[in-house]
Amino acid sequence: MRLSRYFLPVLRDVPKEAEIVSHRLMLRAGMIRQQASGLYSWLPLGYKVLMKVQKIIEEEQNRSGAIQLLMPTIQSADLWRESGRYDAYGKEMLRIEDRHEREFLYGPTNEEMITDIFRAYVKSYKDLPLNLYHIQWKFRDEVRPRFGTMRSREFLMKDAYSFDLSKEDAVAAYERMFVAYMRTYARMGLTAIPMRADTGPIGGDLSHEWIVLADTGESQVFCDRRLLDKPIPGPDTDFRGDLKPIFEDWTSLYAATEEMVDMGEYEAAVPEEFRVSARGIEVGHIFYFGTKYSEPMKATVTGPDGKEITVHMGSYGIGPTRLVPALIEAFHDDAGIIWPVSVAPFEAVLINLKAGDAACDAACTKLYDELNAAGIDMLYDDRDQGAGAKFTTADLIGIPYQIILGPRGLAAGEAEIKHRKTGERETLPIADAVARLKGLIEPQRKTDI
C-alpha cells in the first residue's frame, strides 16, 4: 500500500480526552475515531490490526475443534425471559422495541440464543461434544465508558459455547479452550496469565480470566511470578486427547483476581520472592456453568438408554477490540507503538527519502514490488515530505521494520533497515534487502508456536 493513497489521519497533538497510553496512541496513529461516548469507528490502520487479531483467534478456535457460525446482534427478549436473565441483567442491557411493539435487546452476550439454536437441531447424544463460536459486535451500556476501546459500550467479542453430555465431558471441553487461549495470546506476543475469577452475571462455578499485567489495568491481581516463564503448549498439542495435565500444570501455581483472592491462601501458597501483586487488564474469560441455561430452556438430548439428558454448557469469551489496546499497553515507547509482527498492520515500511527524484522513485518502486512479491505485508511511504516526518510517522504507527532508501544509499547500492523494537540499524546491499527482511519477519509470524 502506498501511503500517498492510504487513509491515515495521524494527529500531532495528544488528545485531551485520552487517559491512558493505548487510547492516546490509537487516536494519534489514526486507528480509531470516537463517534459518541463509548462508540468508535475503526479506521483503516486500526481495522487492519483488529482483523489480524481476529484471524489468530479464529485459527486457534478452529484448531481446538470449535465450529464458527454467526448470530445476530439483536435478540428477542422472550429468549432471555426463558433463562430468567431479562429482568436480572441490569441497565447495561439496551432494551428496544420494533414497530410492532415486540421487545428486543442489543445482545450483551449470547448464551440464550446459542442454546435456542442447539435445542432446535441437536437431539442425540451421538452429536456431542459440540462447540460453536462466533465473532460479533455486542453492546453493554457502561455507566462510565473509558480508556477508548478498552472499555467501550459497543465492542467486538468472540463467544464460544460448548455442549456436553456430562460435567466430566464439559470440564474436558473447558480444558481444551483453556489451552487454546494460552496459544492465542502467545501468538500475539502477549504474556497473559490465567487466573481464578468470579463468574459474575454469566454464572457457574468454574471460571478463569486471562490477565495482562499493566499499570493501567482495572483490577488488582495476585499471582506467582513463575507463571510468567512457563512454556506455552506447542503446535503438536492434540486437542482430541487429554489436556488435563496441561490445565493442572498451569493452575497449580497461585493466580487470582481481587474478587477471588484469599490473602492467607496466597501467602501460604507463594514464597515471598515469587509474589506478584499488580494491576491487570482482562483479555479473556471462560466459564463452566453446567445446566444454568440448558435446564430452563429445555436443551436436552436423548441418551444411550433413550432417556432425555439436560446438556452441560460452558462459554468462552475474548474481546478483540479490547486486545488491541492491551497490546499497545504492552508494546510501546515514547515515540509510539511497537507492534509484534504477528498483529502489525504492516510488517515493514519502505521509506523513500527523496520522493520526486526519478532515480530514487524508480529504485523504491522496484524494491517495493519485490518485497510484495516475497509475501511481505508492505507500506510504502512515497509522500513528498521530509525524512523527519516520515520517520516520526513510521515510529508512531509501530511498523516492526523500516527499510530506508535515499539518493546517497542508492549511489552506494545500499539500503538501511531499522528495527522498530530495538532501534538497531543495519546497512546492506539493496540486492540483499528482500531476503534479509523475509528472514527477519517470517519466524515472527508465529503461525506454529
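Refer to the structure presented above.
Bear in mind the structure is a predicted one, so any value in this text is a computation, not a measurement.

**What about the packing of aromatic side chains?**
Stage number 1. Scanning all chains against the criterion turns up 15 aromatic pairs.
Stage number 2. Taking the centre distance of 6.3 Å and the plane angle of 35° together, the rings of Y185 and W210 count as tilted. One end of the pair, Y185, is in helix α5 (residues 167-187); the other, W210, is in strand β10 (residues 206-213), and 25 residues separate them in sequence.
Stage number 3. Classification of Y185 by relative accessible area gives buried; the value is 1%.
Stage number 4. Relative to Y266, the ring of F222 lies with its centre 5.5 Å away and its plane at 70°, an arrangement referred to as edge-to-face.

**Some words on the layout of surface pockets**
Stage number 1. Size it by volume and the largest pocket reaches roughly 1,100 Å³.
Stage number 2. Together, 42 residues line the largest pocket, and R140, E142, E209, E282 and H285 are the ones closest to its centre.
Stage number 3. When residues in the lining of the largest pocket are grouped by element, the largest group, six residues, is from strand β13 (residues 275-290).
Stage number 4. Looking at side-chain class alone, the lining of the largest pocket contains 15 nonpolar, 14 polar and 13 charged residues.
Stage number 5. Roughly 340 Å³ of internal volume is contained in the second largest pocket.

**Re the nonpolar core**
Stage number 1. Core analysis: the biggest nonpolar cluster contains 80 residues, and M31 and W339 have the highest contact counts within it.
Stage number 2. Per element, the largest residue contribution to this core is 10 residues, and it comes from α5.
Stage number 3. Filtering out sequence-adjacent residues up to four positions away, M31 remains in contact with M26, S41, W42, L43, L45, G46, V49, V324, I328, I337 and W339.
Stage number 4. One finds I114, F118, V122 and L128 within the second-largest nonpolar core, a separate group that totals 25 residues.

**A word on the packing of helix α2 (residues 44-64) against α5**
Stage number 1. One can describe the packing of α2 onto α5 by two numbers: an axis separation of 9 Å at closest approach and a directional angle of 150°. Considering their axes alone, α2 and α5 lie roughly antiparallel with respect to each other. Note on packing geometry: the crossing formed by α2 with α5 is right-handed. In this structure, α2 uses I56, I57, E59, E60, Q61, R63 and S64 to contact α5, whose residues at the interface are R176, M177, A180, Y181, R183, T184 and R187.
Stage number 2. Across the contact of α2 with α5, the residue classes tally to five nonpolar, three polar and six charged.

How each quantity is defined
Residues numbered from 1 in each chain as written. Predicted model: local features only at pLDDT ≥ 70, side-chain atom pairs only at ≥ 80, totals over all residues. Heavy atoms only, no water. Phe/Tyr/Trp six-rings, centres within 6.5 Å; stacked < 30°, edge-to-face > 60°. Helix = DSSP H or I, 4+ residues; strand = E, 2+ residues; numbered from the N terminus. Buried < 20%, exposed > 50% of the residue type's maximum accessible area, 1.4 Å probe, protein only. 1 Å grid on protein atoms, 1.4 Å probe; cavity = no way out; pocket = protein on both sides within 12 Å on 5 of 7 lines; lining within 4 Å. Points joined across faces, edges and corners; volume = space filled by probe spheres on them. Nonpolar A, V, L, I, M, F, W, Y, C, P; charged D, E, K, R; others polar. Core = buried A, V, L, I, M, F, W, Y, C linked by side-chain atoms within 4.5 Å. Contact = heavy atoms within 4.5 Å. Axes fitted to C-alpha atoms, helices over the stretch in contact; angles between N-to-C directions. Parallel < 35°, antiparallel > 145°, perpendicular 65-115°, else oblique. Left-handed = near helix turned anticlockwise from the far one by under 90°.

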